[in-house]
Amino acid sequence: MSLSSTRQAVAAAQRIVVKIGSSSLTTTEGGLDSERLSGLVDTVAKRVAAGGQVVLVSSGAIAAGIAPMGLRRRPKDLATQQAAASVGQLALAHAYAESFARFDLTVGQVLLTADDVVRRSNYRNAQRTLNRLLGLGVVPVVNENDTVATTEIRFGDNDRLAALVSHLVGADALVLLSDVDALYDGDPRKGGSKVIREVTSAADMAGVDAGSTGASGLGTGGMASKVAAAKVACTSGIPVLLTSTANAESALGAADVGTAFAATGNRLSARRFWLAHAAGANGRLWLDDGAVAAVVKRRRSLLAAGITAVEGAFDSGDVVELINPTGKVVARGVVAYDADELPTLIGRTSHDLPPEQRREVVHADDLVPLR
């Protein structure tokens, strides 16, 4: 059977990000499943031996800390989650280091928080570190720094993080491994659901019920977070393959399993990707139809005349969302004014403003339309 161009791109990827979820690495009682982890490492090492570079985004720290701490189930309170992550992350890193050592491969642990992708300077530092590790032949193992994280612990089980890391390192493909072999149009456990093998546009997702959370109770992300992560990667020019951990060898080999998501957008510069997907927005600017057309279709700067309302507390240099008259986010950008400066400017043409206030509200170079 001939493979789609998307699958061929994943199979040929020289630099690839592989994300694995908690349920694929741990037992239902908590603690690491050494056999599963070793099987994953075998597959990754094979890809590296073939000349590829792999970044492993691995969940499992909190789940790995459950059994050693004598807990019966994943804790619900933040303090105990962080404590479990502290214990479990050490066990997880040690297990990876020992397993990769069988192939004479060195592992580098990289723990990230939301700040590391939201703040531009941290983003660039993480980018340099990961690229240097790969250049030295090291396998980076990335995880959220759950010991100090707050809302990031509920960040989608590292799926979105994997998409961000894919762009961060300039990956040629992203592989998402979970406990489900592919994307279905409904819950595969209920019967009657059909496998979606290829996603080439939004139309292929029409009517798909991706759910919300995983069934095992160990992870925090379900199929919905994986689909959302695939969208982030694909709209930024990175093809995605989604399948089960049991299919990891095929996923990192011929790429003939699971669901393939075609790259639907152009690869953005690091700055534009950061603006579109990584940076946190501190406010919203509501635009009229003319401003929306100028910003989205003609890629022009946003001027005060096209703004109808201002929301949020932000300073000059912060990232804001640009909203069309129906309430849809159509773009993001770096605003050139403080929030309290704008109310007296909105709706006024440049000729009506004093010279010192005739600059763009959001310059075209600092603006990214969203698909």
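Only a predicted model underlies this, so the values are computations on that prediction, with no experimental measurement involved. (Residues numbered from 1 in each chain as written. Predicted model: local features only at pLDDT ≥ 70, side-chain atom pairs only at ≥ 80, totals over all residues. Heavy atoms only, no water.)

### Side note on the side chain of Thr 43
Mapped onto the fold, Thr 43 is located in helix H2 (residues 34–49). Looking at Thr 43, the relative accessible area reads 11%, which means it is buried. Setting aside chain neighbours within four positions, we find Thr 43 in contact with Ala 248, Glu 249 and Leu 252. (Helix = DSSP H or I, 4+ residues; strand = E, 2+ residues; numbered from the N terminus. Buried < 20%, exposed > 50% of the residue type's maximum accessible area, 1.4 Å probe, protein only. Contact = heavy atoms within 4.5 Å.)

### A look at the nonpolar core
Where a protein is soluble and globular, its nonpolar side chains tend to be buried together. With 45 residues, the main nonpolar core has Val 142, Val 165, Leu 174 and Leu 183 as its most contacted residues. Mapped onto this core, the elements with two or more residues apiece are strand S2 (53–58), strand S3 (107–112), helix H6 (120–135), helix H7 (159–168), strand S5 (173–178), helix H8 (223–234), strand S9 (240–244) and helix H10 (270–278). With seven residues, H8 is the single largest residue contributor to this core. Excluding its chain neighbours within four sequence positions, the residues that come into contact with Leu 183 are Lys 194, Val 195, Ile 196, Val 199, Met 205, Val 208, Met 223, Val 227, Leu 242, Thr 259 and Phe 261. Core analysis: the second largest hydrophobic core is formed by 30 residues, Phe 100, Val 175, Ala 248 and Ala 255 among them. (Core = buried A, V, L, I, M, F, W, Y, C linked by side-chain atoms within 4.5 Å.)

### Examining the packing of aromatic side chains
Applying the stated rule across the entire model yields one aromatic pair. Directly above the aromatic system of Tyr 337 lies the positively charged group of Arg 359, at a separation of 3.9 Å from the ring centroid. (Phe/Tyr/Trp six-rings, centres within 6.5 Å; stacked < 30°, edge-to-face > 60°. Lys NZ or Arg CZ within 6 Å of the ring centre and 35° of its normal.)

### Side note on the UniProt feature "binding site: substrate" (unreviewed entry) in the protein
The UniProt record marks Ser 59, Asp 146 and Asn 158 with the feature "binding site: substrate" (unreviewed entry), using the residue numbering of this structure. Following the sequence through the fold, Ser 59 ends up in the loop between S2 and helix H3 (61–64). When its relative accessible area of 3% is taken as the criterion, Ser 59 is described as buried. (UniProt positions renumbered as here; feature names shortened; annotations may be inferred.)

### A short note on H7
Burial runs high along H7: nine of the ten residues are buried. For H7, the full list of buried residues reads Asp 159, Leu 161, Ala 162, Ala 163, Leu 164, Val 165, Ser 166, His 167 and Leu 168. Positive phi shows up at Gly 170, right after H7, with a value of about 65°.

### Some thoughts on the UniProt feature "domain: PUA" (unreviewed entry) in the protein
The UniProt record marks residues 283–362 with the feature "domain: PUA" (unreviewed entry), using the residue numbering of this structure. Secondary structure within residues 283–362 divides into 11% helix and 28% strand; the distance between the first and last C-alpha atoms comes to 13 Å.

### Considering the pattern of salt bridges
For the structure on display, the rule yields seven salt bridges. Between Glu 321 and Arg 284 there is a salt bridge, and its shortest N-O distance comes to 3.3 Å. Residue Glu 321 is located in strand S13 (residues 319–323), and its partner Arg 284 is located in strand S11 (residues 283–287); the two are separated by 37 residues in the primary sequence. Because the salt bridges share partners, they merge into one network encompassing Lys 19, Asp 159 and Lys 226. (Salt bridge = Lys/Arg side-chain N within 4 Å of Asp/Glu carboxyl O.)

### Details of the sheet that holds strand S1 (residues 15–20)
With respect to topology, eight strands assemble into an open sheet ordered S3-S4-S2-S1-S5-S9-S10-S8, the strand pairing being mixed. Looking at which strands have only one partner, the edges of the open sheet turn out to be S3 and strand S8 (198–199). For S9 and strand S10 (residues 259–261), the ladder comprises three bridges, and the chain directions are antiparallel. By the bridge assignment, Leu 241 is partnered in S10 with Ala 260. Where helix H1 (residues 5–12) meets the sheet, its contacts fall on S1, S5, S8, S9 and S10, and the angle it forms with S10 comes to roughly 90°. (Pairing = 2+ DSSP bridges. Axes fitted to C-alpha atoms, helices over the stretch in contact; angles between N-to-C directions.)

### Describing unusual backbone geometry
A positive phi angle, near 60°, is found at Asp 104, a position not held by glycine. Its relative accessible area of 74% is what places Asp 104 among the exposed residues. Even without being glycine, Ala 255 reaches a positive phi, approximately 60°.

### Quick notes on the pairing of S3
Only one face of S3 is buried: it carries Gly 108, Val 110 and Leu 112, and the other face, with Val 107, Gln 109 and Leu 111, is open. Bridge count between S3 and strand S4 (residues 139–144): six bridges; the pairing is parallel. Following the sheet pairing, Val 110 is matched in S4 by Val 142.

### Remarks on the environment of Pro 369
As for its position among the elements, Pro 369 is in strand S15 (residues 367–369). Placed 47 residues apart in sequence, Pro 369 and Leu 322 show a C-alpha to C-alpha distance of 8.9 Å. If we ignore the near neighbours within four places in the chain, the residues touching Pro 369 are Val 295, Val 296, Arg 299, Val 330 and Ala 331.

### A look at helix H11 (residues 289–297)
Among the residues making up H11, those that are buried are Ala 291, Val 292, Ala 294 and Val 295. For H11, the arc enclosing every buried residue in end-on projection is 165°, short of the 170-degree limit, so these residues lie on one face. Exposed residues pointing more than 90 degrees away from the buried face of H11 are listed as Asp 289 and Lys 297. On the buried face of H11, the contacting elements are S11, S13, strand S14 (329–334) and S15. (Arc of directions from axis to C-beta.)

### Concerning the confidence of the model for the protein
Close reading of the predicted structure is inappropriate where its pLDDT is low. Scored by pLDDT, the protein has a mean of 87; 90% of the residues are at 70 or more. The spread of mean pLDDT over the elements of the protein runs between helix H5 (residues 115–118), the lowest at 66, and S1, the highest at 97. The low-confidence segment residues 152–156 (pLDDT under 50) makes 16 contacts with residues lying over four places distant or belonging to another chain. (pLDDT = per-residue confidence, 0-100.)

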